[in-house]
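# Reading the structure
Below are the chains, spelled out letter by letter.
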Amino acid sequence: MEEKAAVTFQSPALGAAPDHLLAHLRLKRAFLRTLVISLTTCALVAVGALLLGTFNETTAKVLTTLGALAVHSGAAMFCAGTLEHRRWPKLSAAGLILFAVSFCVLITCIWWPGWFDEPTIRAILTFGTLAGFYILAIPSADLWERRTRRVLAGAGLLVCAAAFLMVLACIWATVSCNVEFAKATGIAIVIAFSVAHTSLLVRVPAGRGADWLLMVALGCVWLLAAMASASIAWGIDEEFWYRWLGAVGVLGACSSFALLIMAKLRQVGKVANLQSAAARVELRCPRCTTLQTVDAGAARCNACGLKFRIEIEEPRCAKCDYLLWQLPQRRCPECGTEF
Ligand SMILES: [Zn+2]
Ligand SMILES: [Zn+2]
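Residues numbered from 1 in each chain as written. Chains lettered and ligands numbered in written order. Predicted model: local features only at pLDDT ≥ 70, side-chain atom pairs only at ≥ 80, totals over all residues. Heavy atoms only, no water.

## Observations concerning the coordination of the zinc ion (ligand 1)
Coordination of the zinc ion (ligand 1) by the protein involves C285 (SG), C288 (SG), C301 (SG) and C304 (SG), with metal-donor separations of 2.2 to 2.4 Å. One can describe the donor arrangement at the zinc ion (ligand 1) as tetrahedral, given that its 4 donor atoms subtend angles of 105 to 115° at the metal. Motif for the zinc ion (ligand 1), donor spacing along one chain: C-x2-C-x12-C-x2-C. Given a relative accessible area of 2%, C285 falls into the buried group. (Donors = N, O, S within 2.8 Å, 3.2 Å for Na, K, Ca; no water. Tetrahedral: all angles 85-135°; square planar, octahedral: opposite > 155°, others 65-115°. Buried < 20%, exposed > 50% of the residue type's maximum accessible area, 1.4 Å probe, protein only.)

Quick look at the structure:
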């Protein structure tokens, strides 16, 4: 009898998270604690060296290590965060590994006897390059994970990887890099930028009315890429040319922004114009199990005050805004776009 009572008392299996979530949280906690401990240690050493000793190479090394630790852990936390939210998970996993490698290389360069000068600068440049190309690869990776326009997404990822390796070759080449290769690297970077921009633009759900705007934006992006590549390849030295380059750049940037704004405008009306669902939900509170009806958006249990957020969005065609519901095929019946 007593045992039974004890069992009822211990019942809050209600609040217990599933095992895999607990393991994940444990790992995250361990990672963050390690980070805090190493940052504090480095900071103490740095402060001690600054206050007690004169500024020498060791102090510089400690400070560089501190900086390296800070920026790398920032990058790693960003990757881990996106990995956790299952956004471009493959790229995030690759990013985590590459940032770890970059950190090891940088630390080795800092502390290996006699390597502090040039190799350290190269390792820092490597980190910058890695961070830059990680960001550049995000639009393509996102497109890839969404399984749309895989050709564009795949091409974007390949160009990013190629340009990244070329920049690394330029950074680490011991003999001075030849000019042709440097030019090719420059052009590869321009193309990687343009593909990333294209991947971003084609995903903007601005509706059919904005097709012409998308065309203008894409045209400007690739015209700019062609002009920039020509400038790199032939070292064009005319003011007139660069005026045009600037004009095309401004036009490209403005049309891209206009496209984003139109997509935002379309989004604003989404919850207001729900057709196939109501903007409220009947649910049982996960804490006190009271049955109630709550509105979409930020809500709270009207019995115990537990907060939750409910999002309702009916899938619509990214191109023509047709309501995608009860369809036999994964293709918009209005405009033929696959989803
Ligand atoms: Zn409740
Ligand atoms: Zn459609």
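## Observations concerning the domain arrangement of the protein chain
As far as domains go, the protein chain holds domain 1 (20–171), domain 2 (280–310) and domain 3 (314–339). One C-alpha centre belongs to domain 1, the other to domain 3, and the line joining them spans 40 Å. (Domains from an automatic or database assignment.)

## What about the packing of aromatic side chains?
Taken as a whole and judged by the stated rule, the model has 4 aromatic pairs. Between F78 and Y134, the ring centres sit 6.1 Å apart and the planes meet at 90°, which makes this aromatic pair edge-to-face. Taken together, the residues F78 in helix α3 (residues 57–84) and Y134 in helix α5 (residues 118–145) connect sequence positions 56 residues apart. On the accessibility criterion, F78 (43% relative accessible area) is partly exposed. For Y134, a relative accessible area of 6% puts it in the buried group. With centroids separated by 5.8 Å and ring planes inclined at 50°, the aromatic side chains of F99 and F127 adopt a geometry described as tilted. Of this pair, F99 sits in helix α4 (residues 89–111) while F127 sits in helix α5, and the two are 28 residues apart along the sequence. In this pair, the class of F99 matches that of F127, namely buried. An aromatic cluster of three or more residues is present, and its members are F78, F99, F127 and Y134. Here the basic side chain of R150 rests over the ring of W144, its NZ or CZ set 4.0 Å away from the ring centre. (Phe/Tyr/Trp six-rings, centres within 6.5 Å; stacked < 30°, edge-to-face > 60°. Helix = DSSP H or I, 4+ residues; strand = E, 2+ residues; numbered from the N terminus. Lys NZ or Arg CZ within 6 Å of the ring centre and 35° of its normal.)

## Description of α5
Taking 1.5 Å of rise per residue, 28 residues should cover 40 Å, and α5 covers 39 Å from first to last C-alpha, within 8% of that figure. I138 marks the point of greatest bend in α5, at about 40°, and the proline P139 comes within the next four residues. One or two positions beyond α5, positive phi appears at R147, with a value near 55°. (Expected span 1.5 Å × (residues − 1). Bend = angle between axes of the 7 residues up to and from the residue.)

## As for the environment of G246
You can see G246 is positioned in helix α9 (residues 239–268). For the pair G246 and E282, spaced 36 residues apart in sequence, the C-alpha separation works out to 55 Å.

## Structural notes on the pairing of strand β2 (residues 291–295)
On any regular strand, side chains alternate: one points to one face of the sheet, the next to the other face. By the alternation rule, side chains of β2 split into Q292 and V294, which are all buried, and L291, T293 and D295, of which none is buried. Turn length for the strand β1 (residues 280–284)-β2 hairpin, with the two strands adjacent in sequence and antiparallel, is 6 residues, and the turn residue T289 shows positive phi of about 60°. (Pairing = 2+ DSSP bridges.)

## As for the environment of L323
By secondary structure assignment, the location of L323 is in the segment after β4 (307–310). Overall, L323 belongs to the buried group, its relative accessible area being 17%. Considering only alpha carbons, one finds L323 and P333, 10 residues apart in sequence, at a separation of 9.7 Å. Among all residues touching L323, those that are not within four sequence positions of it are Q275, S276, E314, P315 and R316. (Contact = heavy atoms within 4.5 Å.)

## Description of the environment of E338
Residue placement: E338 occurs in the segment after β4. On the accessibility criterion, E338 (54% relative accessible area) is exposed. Distance from E338 to L96, taken between C-alpha atoms, is 33 Å for residues 242 residues apart in sequence. If we skip the residues at most four places from it in the chain, E338 touches R330 and R331.

## Concerning the pattern of salt bridges
As enumerated under the stated definition, the model contains 4 salt bridges in all. Of the charged contacts in the structure, one is a salt bridge between E118 and R122, with a shortest N-O distance of 2.9 Å. Here E118 and its partner R122 are both found in helix α5, 4 residues apart, which amounts to about one turn of the helix. Across the pair R243 and E239 runs a salt bridge whose closest N-O atoms are separated by 2.4 Å. Note that R243 and E239 are positioned in helix α9 at a spacing of 4 residues, about one turn of the helix. No difference in accessibility class separates R243 from E239, as the two residues are exposed. (Salt bridge = Lys/Arg side-chain N within 4 Å of Asp/Glu carboxyl O.)

## Some details on the packing of α4 against α5
The relative placement of two packed helices comes down to the angle between their axes together with the axis-to-axis distance. α5 packs onto α4 with a crossing angle of 180° between their chain directions and a minimal axis gap of 10 Å. Our classification of the angle between α4 and α5 gives roughly antiparallel. From α4, P89, K90, L91, S92, G95, L98, F99, S102, V105, L106, C109 and I110 reach across to α5, where they touch P119, T120, A123, I124, F127, L130, A131, Y134, A137, I138, A141 and E145. Partitioned by chemical class, the residues of the contact of α4 with α5 number 18 nonpolar, 4 polar and 2 charged. (Axes fitted to C-alpha atoms, helices over the stretch in contact; angles between N-to-C directions. Parallel < 35°, antiparallel > 145°, perpendicular 65-115°, else oblique. Nonpolar A, V, L, I, M, F, W, Y, C, P; charged D, E, K, R; others polar.)

## Structural notes on the nonpolar core
With 23 residues, the main nonpolar core has L91, F99, F133 and Y134 as its most contacted residues. For this core, the secondary structure elements donating two or more residues are α3, α4, α5, α6 (150–172) and α7 (179–203). Top element by residues in this core is α5. It accounts for 8 residues. Those residues in contact with F99 that lie beyond four places of it in its chain are H72, A75, C79, F127, L130, A131 and Y134. With 11 residues, the next largest nonpolar core counts L201, A217, V221 and A263 among its residues. (Core = buried A, V, L, I, M, F, W, Y, C linked by side-chain atoms within 4.5 Å.)

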